[in-house]
Amino acid sequence: MWNPIEGAPREELEKLQAKRLRDTVERVYHLVPFYRKKFDEIGIKPAHIKSVGDLKDLPFTTKQDLRDHYPFGLFTVPMDQVVRIHSSSGTTGKPTVVGYTAYDMGVWKEVMARTMSMMNVGPGDVVHNAYGYGLFTGGLGFHYGAEEVGAAVVPSSGGFTKRQLLLMKDFGATVLCSTPSFALHLAEVARDEGYDLKKDFKIRAGFFGAEPASEGLRNALRDAWGLVYIEAYGLSEIIGPGVASGCPYGNLHIFEDHFIPEVIDTDTGEVLPDGEEGELVFTTVTKQALPIIRYRTKDITVLHRQPCKCGRTITIMESVKGRADDMLIVNGVNVFPSQVEHVLTKLEGVTPNYVIVLDKKGVLDKLEVWVEVDDRTFADGIGALESLKTKLQQEMLNDLYINVRVKLVEPKTLERSMGKAKRIIDKREAEGLKS
Ligand code: DLL
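**Observations regarding the overall build of the protein**
1) Next: Within the protein one finds 13 helices and 21 strands.
2) Next: Computed over C-alpha atoms, the radius of gyration of the protein comes to 22 Å, within 12% of the 22 Å expected from 2.2 N^0.38 for 435 residues, which places it in the range of a compact globule.
3) Next: Oriented by its inertia axes, the alpha-carbon framework of the protein measures out at about 70 × 60 × 40 Å.
4) Next: Residue burial in the protein is summarised as follows: out of 435 residues, 55% are buried.
5) Next: In the protein, of all internal contacts separated by at least 6 residues, the share reaching a separation of at least 24 is 66%.
6) Next: For the protein, the computed accessible surface area is about 19,000 Å², with 52% contributed by carbon and sulfur atoms.
7) Next: When the 54 basic and 60 acidic side-chain charges of the protein are each reduced to a single mean position, those positions are 2 Å apart.

**Concerning the pairing of strand β8 (residues 240-246)**
On a regular strand, each side chain points to the face opposite its neighbour's, so the side chains alternate between the two faces of the sheet.
1) Next: Extensive coverage of β8 is indicated by the burial of seven of its seven residues.
2) Next: Note: strand β7 (residues 228-235) against β8, four bridges, orientation antiparallel. Within β8, the position partnered with Y233 by the bridge is A244.
3) Next: Here β7 hands over to β8 after four residues, the two strands then running antiparallel side by side.
4) Next: In this structure, β8 lies alongside strand β9 (residues 252-254), joined through three bridges in antiparallel fashion. Paired with A244 across the two strands is I254, which belongs to β9.
5) Next: From the end of β8 to the start of β9, which pair antiparallel, there are five residues, and G250 there has a positive phi angle of about 90 degrees.

**Comments concerning the packing of aromatic side chains**
1) Next: With the rule as written, the count across this model stands at eleven aromatic pairs.
2) Next: One aromatic cluster in this structure is built from Y29, F34, Y35 and F39.
3) Next: In this structure, R163 packs its charged tip against the face of F160, placed 4.9 Å from the ring centre.
4) Next: Lying across the ring of F60, R296 places its NZ or CZ 5.2 Å from the centre.

**Focus: the site of the ligand**
1) Next: As a structural note, the neighbourhood of the ligand is formed by 21 residues, with E231, A232, S236, D299 and K420 the closest of them.
2) Next: The contact in question runs from a nitrogen atom of the ligand to an N or O atom on the backbone of A210, over 3.1 Å.
3) Next: Within the contact set of the ligand, a nitrogen atom lies 2.8 Å away from a backbone nitrogen or oxygen of A232.
4) Next: About the coverage of the ligand: the protein hides 92% of its 610 Å² of free accessible area.
5) Next: When residues of the shell around the ligand are assigned to their parent elements, the largest contribution, five residues, is made by β7.
6) Next: Residue composition of the shell around the ligand, by class: ten nonpolar, five polar and six charged.

**Some words on the side chain of D54**
1) Next: If you trace the backbone, D54 turns up in the loop between α2 (33-41) and α3 (63-68).
2) Next: Once residues lying within four places of it in the same chain are set aside, the contact partners of D54 are H48 and I49.

**A word on the domain arrangement of the protein**
1) Next: Per the domain assignment, the segments of the protein are domain 1 (4-100 + 247-325), domain 2 (107-231) and domain 3 (333-431).
2) Next: Look at where the C-alpha atoms of domain 2 and domain 3 centre, and you get two points 27 Å apart.
3) Next: Counting from both sides, the interface comprises 18 residues of domain 2 and, opposite them, 13 residues of domain 3.
4) Next: Together domain 2 and domain 3 conceal approximately 1,200 Å² of surface at their shared face, both sides included; 57% is due to carbon and sulfur atoms.
5) Next: Between K412 and D192 there is a salt bridge whose closest N-O contact spans 3.5 Å.
6) Next: Those elements that provide at least two residues to the side of domain 2 that touches domain 3 are α7 (180-192) and α9 (215-225).
7) Next: The greatest single-element share of the side of domain 2 that touches domain 3, amounting to six residues, is contributed by α7.
8) Next: Its residues assigned to classes, the side of domain 2 that touches domain 3 shows seven nonpolar, eight polar and three charged.

**Some remarks on the layout of surface pockets**
1) Next: For the second largest pocket, the calculated volume is near 620 Å³.
2) Next: Residue lining of the second largest pocket: 23 residues in total, with R191, V350, T351, P352 and D374 positioned closest to the centre.
3) Next: Elements with a minimum of two residues in the lining of the second largest pocket: α7, α9, β18 (350-361), β19 (364-373) and α11 (375-380).
4) Next: Classifying every residue of the lining of the second largest pocket gives nine nonpolar, five polar and nine charged.
5) Next: When residues of the lining of the second largest pocket are assigned to domains, at least three fall in each of domain 2 (107-231) and domain 3 (333-431).

**Observations regarding the pattern of salt bridges**
1) Next: In this structure the tally under the stated criterion is 34 salt bridges.
2) Next: A salt bridge links K45 to D40, with the shortest nitrogen-to-oxygen separation between them at 3.4 Å.
3) Next: You can call K45 partly exposed: its relative accessible area is 43%.
4) Next: For K346, the salt bridge is made with E395, and the minimal N-O distance between the two is 3.3 Å. With K346 in helix α10 (residues 337-346) and E395 in helix α12 (residues 382-400), this residue pair connects regions lying 49 residues apart in the sequence.

Cut-offs applied
Residues numbered from 1 in each chain as written. Predicted model: local features only at pLDDT ≥ 70, side-chain atom pairs only at ≥ 80, totals over all residues. Heavy atoms only, no water. Helix = DSSP H or I, 4+ residues; strand = E, 2+ residues; numbered from the N terminus. Rg over C-alpha atoms; globule rule 2.2 N^0.38 Å. Buried < 20%, exposed > 50% of the residue type's maximum accessible area, 1.4 Å probe, protein only. Contact = heavy atoms within 4.5 Å. Areas by Shrake-Rupley, 256 points an atom, 1.4 Å probe, with all protein chains shown as cover. Lys, Arg positive; Asp, Glu negative; His and termini not counted. Charge placed at Lys NZ, Arg CZ, Asp CG, Glu CD. Pairing = 2+ DSSP bridges. Phe/Tyr/Trp six-rings, centres within 6.5 Å; stacked < 30°, edge-to-face > 60°. Lys NZ or Arg CZ within 6 Å of the ring centre and 35° of its normal. Near = heavy atom within 4 Å. Polar contact = N/O pair within 3.5 Å; in protein donor to acceptor, adjacent residues only side chain to side chain. Nonpolar A, V, L, I, M, F, W, Y, C, P; charged D, E, K, R; others polar. Domains from an automatic or database assignment. Buried area = accessible area lost by both parts, 1.4 Å probe. Salt bridge = Lys/Arg side-chain N within 4 Å of Asp/Glu carboxyl O. 1 Å grid on protein atoms, 1.4 Å probe; cavity = no way out; pocket = protein on both sides within 12 Å on 5 of 7 lines; lining within 4 Å. Points joined across faces, edges and corners; volume = space filled by probe spheres on them.

So this is what it looks like as structure tokens:
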């Protein structure tokens, strides 16, 4: 363990969280007019907040609040103390902007070092970092983490797939950091280029995150590269990657001495008990430039508080099922893209490359899944394809309770992404048809 706090008794951890939470609440109340106004409106003074249990009395913060105070309106420090600015792409409207002091950069390095040490990454390791560098937090977050543990970092960023493979082989990369979809793309291109993935590469661990990945996709990556799959979770508003990290036992541990998690009912805002599914909310308790109170992530998950075989006592979150705003409602039935992916990857003959196309036929929603078959099934001809298609449609109906039209497409015809994969085409939206 990089930091023994990860395995500390819960009382010790909660004492530390409570102290840090009180400091953070004081800080935002006195330094950010937005928080002071919100607290005053509901009659809360910093002195009311004594323990982690009191968190539930504080108001939520949303992405819209960050946008409304674009760019630096929620910062608690003058700009001469800000040493880094990142921002999320934001497909609509203004981007969300986040800032870090030198102290915040130290926290970020520390949580990323904790992530890397889940697989004892350190001196002698060559970390091939294919997360995008730039305003996106993935590239630089992993870069600092790998440096902090003393590994050699190859800052390759996204794109240039063939060159990346050359570097991975020639530099002897032992660790791969990328989105799961890009890691799959790397494996595909490597095979096409005639590499023997297990012989030519020495990747022992992969740190994959920034988007959901089904067990099927994870297994495809384990099989292709022969690596241990470590999940990375985070979001720019909280710090970037480094909010939670998977351990070798497959549990995703939240670094809750810095980021206190809650799960709430998306509609009522009520805090849900451990074990129940809802929206993940975080309060940062050590951030200086942009502390954030009860930030609604829109990520849907479940929390568990029990010690893990790896020795950690910090809270475990289940892998994110999807985002509240990515949930598709198809003729009244709720479906997450990850559930579709799960069904696809259960069957032989298909690859985890797919897109979901939503359309409307009359008043009814129509959901179509385009999925690439593998080379073998494609070569097997029309009979095999027809039976695979029928099987897939049946499985979708059994698992998701909706009629899905499956369209099998040739291998390597769907667009590949160099970062986060785009899985949904919503034609209802484009034509103003969305209900
Ligand atoms: O994606 C930070 C990151 C970079 C995490 C690299 C892990 C690895 P944002 O661009 O702000 O930050 O996007 C945050 O991505 O709210 C989730 O919806 C999604 N996300 C991140 N990690 C996972 C994951 C980075 N492991 C948003 N599983 C989050 C599923 C994830 N979704």
